[in-house]
Amino acid sequence: MFGKKKENSCYTYFSIRGDFDPDVITSMLELSPYKSWKSVDKRSNGIQYGFAGWDYGICEEYDVEIENQMMKTISDLIPKINILNQIKEKFDVEFYLEIVPEVYSKNTSPCLGANLDIIDFCYKTRTIIDIDLYVKG
């Protein structure tokens with residue numbers, strides 16, 4: 001068969017969303033994001049709305065046990081749970097653990113379960129687990 005071999009893949013990352021200065025988050029956590037941004041939308045009524053993102057810990061090393069990728073993503077954040085909670089309180093932000101698997105129907109399906117360490121981290125920081133699953137033929 002010619003062409004690219006169709007294999008499962010997945011990437012995971014931790015994301016902060018809300019109205020904040022990404023540089024302040026970087027400073028507070030003493031971690032550098034792989035991507036961050038800030039935008040401001042000034043409405044016709046003169047009110048400004050801000051939206052920012054701070055994405056950290058991208059793991060693109062596919063493992064059929066996706067919890068291994070999730071652990072790599074959050075491993076540097078686990079000791080910073082108190083700081084994350086300060087950020088959540090101060091800036092009223094949302095935290096997400098993003099899981100983006102791409103699965104081919106003829107391959108082994110990944111295990112999307114989370115171990116207790118991941119569940120504990122998400123519970124303590126009120127992090128939403130968001131799975132964007134892409135199924136390919």
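Placed above this text is the structure.
Residues numbered from 1 in each chain as written. Predicted model: local features only at pLDDT ≥ 70, side-chain atom pairs only at ≥ 80, totals over all residues. Heavy atoms only, no water.

Q: Can you help me understand the pattern of salt bridges in this one?
A: Side-chain pairing between opposite charges can occur once the charged atoms of the two side chains come close. Evaluation of the coordinates by the stated rule reveals 6 salt bridges. With its nearest N and O atoms 3.1 Å apart, the salt bridge here joins Asp120 to Lys124. In this pair, Asp120 and Lys124 are both assigned in helix α4 (residues 116-125), 4 residues apart and thus about one turn of the helix distant. The exposure class of Asp120 is partly exposed, given its relative accessible area of 34%. (Salt bridge = Lys/Arg side-chain N within 4 Å of Asp/Glu carboxyl O. Helix = DSSP H or I, 4+ residues; strand = E, 2+ residues; numbered from the N terminus. Buried < 20%, exposed > 50% of the residue type's maximum accessible area, 1.4 Å probe, protein only.)

Q: Mind showing me how you'd approach the packing of aromatic side chains here?
A: Ring pairs (aromatic) are described by centroid distance and by the angle formed between their planes. In total, this model carries 5 aromatic pairs according to the counting rule given. Measuring from ring centre to ring centre gives 5.4 Å for Phe14 and Phe95, while their planes differ by 45 degrees; the resulting arrangement is tilted. Of this pair, Phe14 sits in strand β1 (residues 9-18) while Phe95 is found in strand β4 (residues 94-104), placing the two residues 81 residues apart along the sequence. Residue Phe14 shares its accessibility class with Phe95, and that shared class is buried. (Phe/Tyr/Trp six-rings, centres within 6.5 Å; stacked < 30°, edge-to-face > 60°.)

Q: When you look at the pairing of β1 in this model, what are you seeing that I'm missing?
A: Burial runs high along β1: 8 of the 10 residues are buried. Relative to β4, β1 is paired through 9 bridges, and the arrangement is antiparallel. Across the sheet, residue Cys10 finds its bridge partner in β4, namely Pro101. (Pairing = 2+ DSSP bridges.)

Q: Can you help me understand the environment of Ser9 in this one?
A: When you line up the elements, Ser9 lands in strand β1. Owing to a relative accessible area of 32%, Ser9 belongs among the partly exposed residues under this scheme. A C-alpha to C-alpha distance of 8.2 Å links Ser9 and Glu61, two positions 52 residues apart in sequence. In this view, Ser9 contacts Tyr62, Val100, Pro101 and Glu102; residues no more than four positions away in its chain are not counted. (Contact = heavy atoms within 4.5 Å.)

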